[in-house]
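Breakdown of the fold
Spelled out, the chains give:
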Amino acid sequence: MTYGTNVTMTNEDGLALITVNRPQALNALNCDTLEELRAAVLAADKDPAVRVIIITGAGAKAFVAGADIAQMRGLSPLEGRDMTILGQEVFAAIENLAKPVIAAINGFALGGGCELAMACDIRVAAATAKFGQPEVNLGIIPGFGGTQRLSRLIGKGRAKYCIFTGRMMSAQEAYQLGLADKVVEPDELLPVCREIAATIMSKAPVAVMMAKKAINHGLDMDLGSAVAYEAEAYTTCFATADRVEGMTAFLEKRPAAFAGK
Ligand code: CAA
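Criteria and cut-off values
- Residues numbered from 1 in each chain as written.
- Predicted model: local features only at pLDDT ≥ 70, side-chain atom pairs only at ≥ 80, totals over all residues.
- Heavy atoms only, no water.
- Helix = DSSP H or I, 4+ residues; strand = E, 2+ residues; numbered from the N terminus.
- Rg over C-alpha atoms; globule rule 2.2 N^0.38 Å.
- Buried < 20%, exposed > 50% of the residue type's maximum accessible area, 1.4 Å probe, protein only.
- Contact = heavy atoms within 4.5 Å.
- Areas by Shrake-Rupley, 256 points an atom, 1.4 Å probe, with all protein chains shown as cover.
- Lys, Arg positive; Asp, Glu negative; His and termini not counted.
- Charge placed at Lys NZ, Arg CZ, Asp CG, Glu CD.
- 1 Å grid on protein atoms, 1.4 Å probe; cavity = no way out; pocket = protein on both sides within 12 Å on 5 of 7 lines; lining within 4 Å.
- Points joined across faces, edges and corners; volume = space filled by probe spheres on them.
- Nonpolar A, V, L, I, M, F, W, Y, C, P; charged D, E, K, R; others polar.
- Domains from an automatic or database assignment.
- Axes fitted to C-alpha atoms, helices over the stretch in contact; angles between N-to-C directions.
- Parallel < 35°, antiparallel > 145°, perpendicular 65-115°, else oblique.
- Left-handed = near helix turned anticlockwise from the far one by under 90°.
- Near = heavy atom within 4 Å.
- Polar contact = N/O pair within 3.5 Å; in protein donor to acceptor, adjacent residues only side chain to side chain.

Here's the deal with the overall build of the protein
Of regular secondary structure, the protein possesses 11 helices and 10 strands. Its C-alpha atoms give the protein a radius of gyration of 19 Å, within 12% of the compact-globule value 18 Å for 261 residues. Each principal axis of the C-alpha distribution contributes one length, and for the protein these read about 60 × 40 × 35 Å. Taken across its 261 residues, the protein has 44% of its residues classed as buried. Long-range contacts, defined here as pairs at least 24 residues apart, represent 69% of the contacts in the protein between residues at least 6 apart. Accessible surface computed for the protein: about 12900 Å², of which carbon and sulfur atoms make up 59%. Of the charged side chains in the protein, 25 are positive and 28 negative; the average position of the first set lies 3 Å away from that of the second.

In structure tokens:
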């Protein structure tokens, strides 16, 4: 499967902008859209010209309003399982991309949409965005990683409160809970995400990648193993030419020119 219909991607100045593009269904994720999303993120991660990825939703109303309920309604339990595993695989792929991924949350981020945002590294929300895991309204639970990523992000009790009640939250509340990392005016959403991306791109690329790996993998380990893993990631950075350049540039009081090596 390739992308281009339900998921589009533009690529400029090191930034891949990936858009879930089904505004007529509030960008709901059916299986084809999940496959296109996987193809787009893997292509962006492989492309040496891309340094940072932004994922957003088409239109002003929704980031992603969840898994596609119209498609899910007719599925057998085993087909439902296949779809949930597909969503989990795609979101794990996003979480594990070498490159940083910013979610630009431009509207409803519900169910699978909230789960997609949580698989990204940084979440920037328009002040008008709404978050929630409303699956219990449909007789199901979050199935694209939401029971796990939400608990890890905001804590077990708060995740249970959100998931058991299916309540919708404002961007501000999501920010207070640590679900959104920054809230901006809607017309500032993409400019702010581009600014964050530009700041990240000005840093040593291997260091950014190693930091992502250390944080992601370390959180699945006990603290002793995690800091040991951090030391290995640190050593990888130490072996780069960019480490020599960064330290030399500091001592010579000039900006560093990183080469990604
Ligand atoms: N799947 C399929 N279609 C969807 C959809 C979804 N998740 N969300 C919205 N749509 C469709 C609507 O059916 C509607 O289509 P028609 O115009 O053909 O009728 C269109 O998008 C516009 O939606 P509304 O008319 O409902 O717009 P609204 O402004 O009145 O309400 C909303 C917006 C509150 C987001 C509402 O659409 C809604 O509640 N959507 C469903 C949210 C949801 O339950 N998400 C969780 C899905 S389950 C899941 O994600 C499981 C998982 O973890 C894997």
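Quick notes on the layout of surface pockets
Its volume calculated, the largest pocket comes out at about 710 Å³. Around the largest pocket sit 25 residues that line it, and Glu-95, Met-118, Ile-215, Asn-216 and Leu-219 are the ones nearest its centre. Breaking the lining of the largest pocket down by element, the ones donating at least two residues are α4 (112–119), β7 (122–126), α5 (146–154) and α9 (205–218). In terms of residues, the lining of the largest pocket owes the most to one element, α9, which gives 7 residues. Here the lining of the largest pocket is composed, by residue class, of 13 nonpolar, 4 polar and 8 charged. Split by domain, the lining of the largest pocket shows at least three residues from each of two domains, domain 1 (7–201) and domain 2 (205–251).

Re the packing of helix α1 (residues 31–46) against helix α3 (residues 77–95)
Here α1 crosses α3 at 20°, and the two axes come no closer than 10 Å. When the interaxial angle is binned, α1 and α3 end up roughly parallel. Pair α1 / α3 crosses with left-handed handedness. Touching Cys-31, Leu-34, Glu-35, Leu-37, Arg-38 and Val-41 of α1 are Met-83, Leu-86, Gly-87, Glu-89, Val-90, Phe-91 and Ile-94, all from α3.

Overview of the site of the ligand
Neighbouring the ligand are 24 residues; Lys-61, Ala-67, Gly-112, Glu-115 and Glu-135 lie closest to it. Ala-67 is positioned such that a nitrogen or oxygen atom in its backbone is 2.8 Å from an oxygen atom of the ligand. The backbone of Gly-143 places a nitrogen or oxygen atom 3.0 Å from an oxygen atom of the ligand. By residue class, the composition of the shell around the ligand is 15 nonpolar, 5 polar and 4 charged.

By themselves these figures say nothing about function.
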